[in-house]
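Understanding the architecture of this molecule
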Amino acid sequence: MTYEESSPPVRPAELDPESAAVRLAPQLAQFAAVARLEHVTQAAQLLDMPQPTLSRAVARLEAELGVDLLARQGRAVRLTRAGRLLLGSVERALAELERGAEAARAEADPTAGRVAFGFLHTMGTDAVPALLRGFRADHPRVRFQLVQDYVAAMLDRLRAGELDLCLVSPVPDSPDLVARPLDEQQLYLAVPADHRLAGRRRIRLAEVAQEPFVAVEEGYGLRLITDGFCAEAGFTPRIAFEGEEAETLRGLVAAGLGVALLPPALVPRPGVVELEVTAPRTRRAIGLAWVAGRAPTPPVAAFRDFVLSRRGRLLDHG
């Protein structure tokens, strides 16, 4: 378990106009400067602000709290007990704010920022590693958060800002998203090696209308595409088993538990034969999606442009 998981959750501060956080926040850094230097004039010079303005700000802070924070000795000051108590919390808050600001700056660093990238499970074994290898040749310090999920969930996370870019199929058609087709991938009918059609090279999908199918779960793009092609062939597939990974489905096919429409295997699977489907034309479009109107950070824009430059060559991995 990580430290963050074991730590108690941070309770958000109230942000209404009467809350202490809203009223006091503007004066806290100014108070910290005076408390550190124990001198109002020197603190004003550090903050590049007029000394009377700084004095009034600290006085307003004391008035808000109803307690003296500083004991004044001419232009020099020393902390009261209440001031020391407040300073400890203020220093921790300012340090956390600085860490947050640095993390936000790092996120958009064009040379070492972060890209949250979602993609299809079936793209994770070859296409995505090839993309990352090609991109990092010129951007070696850019960091990636990689997410594999089904299409609907990824698009939800894209809209929520959790992901910057998604490699999906089918390509979404939604007014709040920008989607660019990149490539087409042929889907083959995978059948057991001892299947009655295993000796063929090509078939029509209608020829397996009565066969049990194995398929990915509903919500996955490949399932939507499989159902669509079967409907085009004039039947509704009888789903015997559902899974999440293409290789799991191939294992089920090899075991004789059904047939499946799948992308081509990188390495031939023993016990499985892939047949070309001539009717309908079983090809799926693969595209890149992002949220319309949301300005990308420099590393996201660079990776997006690189992926788009691979149009028509996305599935070339040599």
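Note that the structure is a prediction, hence the values are computed from the model and not measured.

Attention shifts here to the packing of helix α6 (residues 127-136) against helix α10 (residues 298-308). The angle between the axes and the distance between the axes are what describe a pair of packed helices. Here α6 crosses α10 at 120°, and the two axes come no closer than 10 Å. It follows from the interaxial angle that α6 and α10 lie oblique. The way α6 lies across α10 gives a crossing that is right-handed. In contact with Leu 131, Leu 132, Gly 134 and Phe 135 of α6, α10 contributes Pro 299, Ala 302, Phe 303, Phe 306 and Val 307. Tallied by class, residues from the contact of α6 with α10 come to 8 nonpolar, 1 polar and no charged.

Throughout the structure, instances matching the rule amount to 17 salt bridges. The closest approach of N and O atoms between Arg 281 and Glu 184, which form a salt bridge, is 3.4 Å. In this pair, Arg 281 sits in the loop between β12 (272-279) and β13 (283-291) while Glu 184 sits in strand β6 (residues 177-186), placing the two residues 97 residues apart along the sequence. Residue Arg 281 is classed as exposed on the basis of its relative accessible area of 55%.

Below, the discussion takes up helix α5 (residues 81-107). Under the 1.5 Å per step criterion, the end-to-end length of α5 is 40 Å for 27 residues, consistent within 8% with the ideal 39 Å. Inspection of α5 places Gly 83, Leu 87 and Val 90 among the buried residues, and these make up the whole buried set.

Conventions and cut-offs
- Once a new chain begins, its residue numbering starts again from 1 and follows that chain's sequence as written.
- Per-residue local features are limited, in this predicted model, to residues with pLDDT of at least 70; the limit for side-chain atom pairs, both in listing and counting, is 80 or more; totals at the level of whole chains, interfaces and linings are taken over all residues.
- Water and hydrogen atoms were dropped before computing side-chain values, which therefore reflect all heavy atoms in the structure.
- Note on geometry: axes are lines fitted to C-alpha atoms, helical ones only across the stretch in contact, with angles between N-to-C directions running from 0 to 180 degrees.
- The helix and strand labels rest on DSSP assignments: H or I over at least four residues marks a helix, E over at least two residues marks a strand, and numbering proceeds from the N terminus.
- Any angle from 65 to 115 degrees is called roughly perpendicular, while one under 35 is roughly parallel, one over 145 is roughly antiparallel, and all others are oblique.
- Two helices that cross are described as forming a left-handed crossing if the nearer one is turned anticlockwise from the farther one by less than a right angle, and a right-handed crossing if clockwise.
- Note on contacts: a residue pair qualifies if any of its non-hydrogen atoms lie within 4.5 Å across the two residues.
- Under the scheme applied, nonpolar residues are Ala, Val, Leu, Ile, Met, Phe, Trp, Tyr, Cys and Pro; charged residues are Asp, Glu, Lys and Arg; polar residues are all the others, including Gly.
- Salt bridge, as used here: a side-chain nitrogen of Lys or Arg that lies within 4 Å of a carboxyl oxygen of Asp or Glu.
- Relative accessible area decides the class of each residue, using a 1.4 Å probe on protein chains only: under 20% of the type maximum gives buried, over 50% gives exposed, and in between gives partly exposed.
- Helix span, expected: 1.5 Å multiplied by one less than the number of residues in the helix.

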